[in-house]
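These are the residues of each chain, in order.
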Amino acid sequence: QVQLVESGGGLVQPGGSLTLSCVSSGTIFSSSAMAWYRQAPGKQRDLVALITSEMNTNYADSVKGRFTISRDNAKKTVYLQMNSLKPEDTAVYYCNSRPTGKFSFLPPRWGQGTQVTVSS
């Protein structure tokens, strides 16, 4: 079973930066779309950023220009570089893996989440 393990969360002041990492144990990482979602208390889980197997990216409007998603297929790792952090970015951030192409019949996977708190 594929496991996704996130790291890099923590407490940061407004305007600061953090980089989240998500390592996959799967064997089809390079054929999977990878994404970061976040969920604030009392709110739904929303897409933050996505990167396809072809390296195409998509971002939520609220993070465009501040966050960057990237992936290293050799390390089976996806990153989320977060700059100019705001208090409203505070949430639990989840890594998501969605197999594509000939593997699209496989279910998506979620990591356990990592807390990001932006506060002075």
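Only a predicted model underlies this, so the values are computations on that prediction, with no experimental measurement involved. (Residues numbered from 1 in each chain as written. Predicted model: local features only at pLDDT ≥ 70, side-chain atom pairs only at ≥ 80, totals over all residues. Heavy atoms only, no water.)

## Digging into the state of the cysteines
Threshold: The disulfide criterion used throughout: a pair of cysteine sulfur atoms within 2.5 Å. Going along the chain from the N terminus, every DSSP run of H or I of four or more residues is numbered as a helix, and every run of E of two or more is numbered as a strand. For every residue, the accessible area obtained with a 1.4 Å probe (protein chains only) is divided by the maximum for its type, and the residue is called buried under 20%, exposed over 50%, and partly exposed between those limits.
The full count for this structure, using the stated rule, is one disulfide. Between the sulfur of C22 and that of C95 lies a disulfide, 2.1 Å long from S to S. Judged by the torsion about the S-S bond (-80°), the C22/C95 disulfide is left-handed. One end of the pair, C22, is in strand 3 (residues 18-24); the other, C95, is in strand 9 (residues 91-99), with 73 residues separating them in the sequence. Take C22 and C95: they sit in the same class, and that class is buried.

## A word on the environment of S17
Keep this limit in mind: Two residues qualify as a contact provided that any one of their heavy atoms is within 4.5 Å of a heavy atom in the partner residue. By the criterion applied in these results, polar contacts are pairs of N or O atoms within 3.5 Å in which, for protein atoms, one can donate a hydrogen and the other can accept it, and in which residues neighboring in sequence qualify only through two side-chain atoms.
Mapped onto the secondary structure, S17 falls in the loop between strand 2 (10-12) and strand 3. For S17, a relative accessible area of 40% puts it in the partly exposed group. Residues S17 and L85, spaced 68 residues apart in sequence, show a C-alpha to C-alpha distance of 6.2 Å. Beyond its immediate chain neighbours, meaning those up to four positions away, S17 contacts V12, Q81, M82, N83, S84 and L85. Within the local environment of S17, its side chain forms a polar contact with the side chain of N83, the two groups lying 2.9 Å apart.

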